Amino acid sequence: QVRLVESGGGLVQAGGSLRLSCAASGSIFSIRTMGWYRQAPGKQRELVAHITNGANTNYVDSVKGRFTISRNSAKNAVYLQMNSLKPEDKAVYFCHAATHWAQDYWGQGTQVNDSS
């Protein structure tokens, strides 16, 4: 079992920045990739970014150049630095972990709201 706890969401103006954090605990050794998904009202959950154990990253086109995913293996944590936020970035952001045995784990989600 892997437990994921997100933090760092909140209210931000367009053009502002936020940093999301996700702390993993439990069967850390089993994690293959970690990432962030988001779900806006009335829309399907979509992958925002993910990072592998080898630090390879992948981003959805809409956030390339604005968001950066990083991972601190020593702290069992993954981060999402979000810059130049746009109204369309408003969503609930979920931390995700995929294991070597094709299991998926999710955090409870953290809300990113647009203050405009």
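Cut-offs and rules
- In this numbering scheme, every chain counts its residues from 1 along its sequence in written order.
- A pLDDT threshold of at least 70 governs which residues receive local features in this predicted model, and a stricter bar of 80 or more applies before side-chain atom pairs are shown or counted, although totals over entire chains, interfaces and linings include all residues.
- Processing note: side-chain calculations cover all non-hydrogen atoms of the structure and skip hydrogens and water entirely.
- Here a Phe, Tyr or Trp ring, Trp counted by its six-membered ring, pairs with any other such ring whose centre lies within 6.5 Å, and the pair is stacked when the planes are under 30 degrees apart, edge-to-face when over 60, and tilted otherwise.
- Only DSSP runs of H or I reaching four residues or more are called helices, and only runs of E reaching two or more are called strands; each is numbered from the N terminus.
- Here's how the labels work: a residue is buried when its accessible area is under 20% of the maximum for its type, exposed when over 50%, partly exposed in between, all with a 1.4 Å probe on protein chains only.
- As a reminder, the over-ring test applies to NZ of lysine and CZ of arginine, requiring each to be within 6 Å of the ring centre and within 35 degrees of the ring normal.
- Cysteine sulfur atoms that pair up within 2.5 Å are treated as a disulfide.

A. Geometry of the packing of aromatic side chains. Tallied over the entire structure, the rule returns two aromatic pairs. Plain terms: the ring middles of Y37 and W106 are 4.9 Å apart, the flat faces sit at 70° to each other, and that makes the pair edge-to-face. Taken together, the residues span a long stretch of sequence, with Y37 in strand β4 (residues 31–39) and W106 in strand β10 (residues 104–106) at a distance of 69 residues. Residue classification places W106 among the partly exposed positions, given a relative accessible area of 36%. Taking the ring centre of F94 as reference, the NZ or CZ of R45 above it sits at 3.7 Å.

B. Quick look at the state of the cysteines. A complete count under the given rule lists one disulfide for this structure. One disulfide bridge connects C22 with C95, the sulfur atoms lying 2.1 Å from each other. Around the S-S axis, the bridge from C22 to C95 shows a dihedral of about -85° and counts as left-handed. Residue C22 is found in strand β3 (residues 18–26), and its partner C95 is found in strand β9 (residues 91–99); the two are separated by 73 residues along the sequence. Taking the relative accessible area as the measure of exposure, C22 reaches 1% and is therefore buried. Note on C95: relative accessible area 0%, which makes it buried.

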